[in-house]
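Topology and contacts: notes
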Amino acid sequence: MQKSIERIVGDSEGVSYEFPVFRFEGTDKAASSAYLQAALHAGELPGVVAIDALMPMLEKAEAEGRTKGSITIVPQANPIGRAQYHFGEHQGRFHLGTRTNFNRGFPLLAAPDVKLLPDTTLGTADQRLKSRLLQLSIGHDIVLDLHCDDEGLAYLYVHTSLWPAMADCAAAMGVDAVILWNEDTDGTFEGASITPYLKVPAEVARFDRRVATTVEYRGILDVDGALAGADAEGLYRLLVARGVVLDQALSTSGSFTGIVAPLENIDMMPAPRAGAVLYDVKPGDRVAKGALLATIVHAPGEAGGRTQLFAPQAGIILTRRSRRIIRAGEDLLKLVGDSKSADARSGTLED
Ligand SMILES: [Zn+2]
């Protein structure tokens, strides 16, 4: 395994950012290669500690000559966001300098060719970071972007072109749900990882062996040693299932039995009023149409000071907020409905 340091030039003199990259050299050029990154949203740490638990497993495999494909790992992909504190609160989701989401604005290339990447010399530091991360990842058969939600189940976003071919990956990782999407116009990292392959010949795209996914490892507070160990084993099983790592002692994962739903089925449930949220449901709960989801206490102690919110359709609660203060119009939770949502906003890649 080789460690190198990437350097991103900052937006003012004397400021630059660094992050380490770890590379395992594969022994078989024909084997699938993998790229893993975590904490693109810099405060989302379940994937970071999963990678920390995965590394010794990969080093053991390498020492025993079992790393067939090359593996590139970026445990903390966003040194800019990692350093952003605003009045004592960490802000790792948006770049403070440009107000741009760190997981938006990745270039959507017409083909998997790093020569097509835009020149970011005169761009902003976050654009240089995005360009570099994409450059590091392009060309790998397997690209995993490890995130987490507020509070939630473990789930994957997967482009429809990769499903059900990626069902073995979902089973290997042991996630609860898979959300299928079709179109990314905002340039998420996942979108930028799959878009270059959508218009090239099938023998180049190789959808049978391609993996690109945003992994949502539950909630922001689910940074836990036992979960990290289990998630590392899931990542390892995926690498074995796809032939990147050889491990004959590992049993197969079986078929995926979790929830599979298109993005259009998700109801985001905006809060009708601002106030304190009393949830009646938690991630994983199955709800019927009309079930009470949450109560917002917007005028405490007054008659009519509570507003209730009900399920627009039957489904499963995928996520909810980790904080209990809400503004009107902010989303209270994600409900994976049994059928298409009536909300026109559903259908956008939401991470
Ligand atoms: Zn995220």
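Just so it is clear, the structure is predicted and the values come from calculations on it, not from any experiment. (Residues numbered from 1 in each chain as written. Predicted model: local features only at pLDDT ≥ 70, side-chain atom pairs only at ≥ 80, totals over all residues. Heavy atoms only, no water.)

Focus: the overall build of the protein
- Helices and strands together make up the secondary structure of the protein, namely seven helices and 22 strands.
- Taken over C-alpha atoms, the radius of gyration comes to 21 Å for the protein, in line with the 20 Å a tight globule of 351 residues would show.
- For the protein, buried positions account for 52% of its 351 residues.
- For the protein, the share of sequence-separated contacts (at least 6 apart) that also reach a separation of at least 24 residues comes to 72%.
- When the accessible surface of the protein is summed, it comes to about 15,600 Å², and 52% of that surface belongs to carbon and sulfur atoms.
- Both charge centroids of the protein, one from 35 positive and one from 45 negative side chains, sit 1 Å from each other. (Helix = DSSP H or I, 4+ residues; strand = E, 2+ residues; numbered from the N terminus. Rg over C-alpha atoms; globule rule 2.2 N^0.38 Å. Buried < 20%, exposed > 50% of the residue type's maximum accessible area, 1.4 Å probe, protein only. Contact = heavy atoms within 4.5 Å. Areas by Shrake-Rupley, 256 points an atom, 1.4 Å probe, with all protein chains shown as cover. Lys, Arg positive; Asp, Glu negative; His and termini not counted. Charge placed at Lys NZ, Arg CZ, Asp CG, Glu CD.)

Looking at unusual backbone geometry
- Residue P164 follows W163 across a cis peptide bond; omega there is 10 degrees.
- Among the secondary structure elements, P164 is positioned in the loop between strand 11 (154-159) and helix 4 (167-173).
- Not every positive phi belongs to a glycine, and F87 is a case in point at roughly 50 degrees.
- Tracing the chain through its elements places F87 in the loop between strand 5 (85-86) and strand 6 (89-90).
- Positioned with a positive phi, R206 is a non-glycine residue whose angle comes to about 45 degrees.
- Looking at where R206 falls in the secondary structure, it is placed in the loop between helix 6 (202-205) and strand 13 (211-219).

Digging into the side chain of D149
- Here D149 is to be found in strand 9 (residues 142-149).
- Separated by 2.6 Å, the side chains of D149 and Y155 make a polar contact.
- A polar side-chain atom of D149 sits 3.0 Å from a polar atom in the side chain of K334.
- Contacts of D149, omitting those with residues within four sequence positions, involve Y155, E216, R218, G219, I220, T319 and K334. (Polar contact = N/O pair within 3.5 Å; in protein donor to acceptor, adjacent residues only side chain to side chain.)

A look at helix 3 (residues 125-137)
- The end-to-end C-alpha distance of helix 3, which contains 13 residues, comes to 19 Å, matching closely the 18 Å that a straight helix rising 1.5 Å per residue would cover.
- Taken across its 13 residues, helix 3 has ten buried, putting it largely inside the fold.
- All buried positions along helix 3 are accounted for by A125, D126, R128, L129, K130, S131, L133, L134, L136 and S137. (Expected span 1.5 Å × (residues − 1).)

A look at the side chain of T295
- Looking at the secondary structure, you find T295 in strand 18 (residues 292-297).
- Discounting chain neighbours no more than four positions away, the residues touching T295 are A276, V277, L278, D280, R306, T307 and Q308.

Considerations on the sheet that holds strand 12 (residues 177-181)
- Strands sit in the order 1-2-4-3-9-13-11-12-14 across an open sheet of nine strands; the sheet is mixed. Each edge of the open sheet is held by one strand with a lone partner, namely strand 1 (2-9) and strand 14 (259-262). Averaged over all pairs of adjacent strands, the angle between strand axes in this sheet comes to 20 degrees, irrespective of strand direction.
- Here strand 2 (residues 16-24) pairs with strand 4 (residues 71-74) via three bridges, running antiparallel. Residue pairing across strands places R23 opposite T72, the latter belonging to strand 4.
- Along the sheet, helix 3 makes contact with strand 1, strand 2, strand 3 (34-38), strand 4 and strand 9, crossing strand 1 at roughly 150 degrees. (Pairing = 2+ DSSP bridges. Axes fitted to C-alpha atoms, helices over the stretch in contact; angles between N-to-C directions.)

Brief notes about the nonpolar core
- If you look at the biggest cluster of nonpolar residues, it comprises 60 residues, and the most contacted ones within it are L36, L58, I71, I73, W163, L235 and V245.
- With seven residues, the single largest contributor to this core is helix 1 (residues 46-63).
- Residue contacts for L235: discarding those within four places in its chain leaves L36, A50, L54, L144, L146, M173 and Y217.
- Counting residues in hydrophobic clusters, the runner-up holds 22 residues, among them Y17, V74, L109 and L136. (Core = buried A, V, L, I, M, F, W, Y, C linked by side-chain atoms within 4.5 Å.)

Remember, this is a structural readout, not a statement about activity or role.
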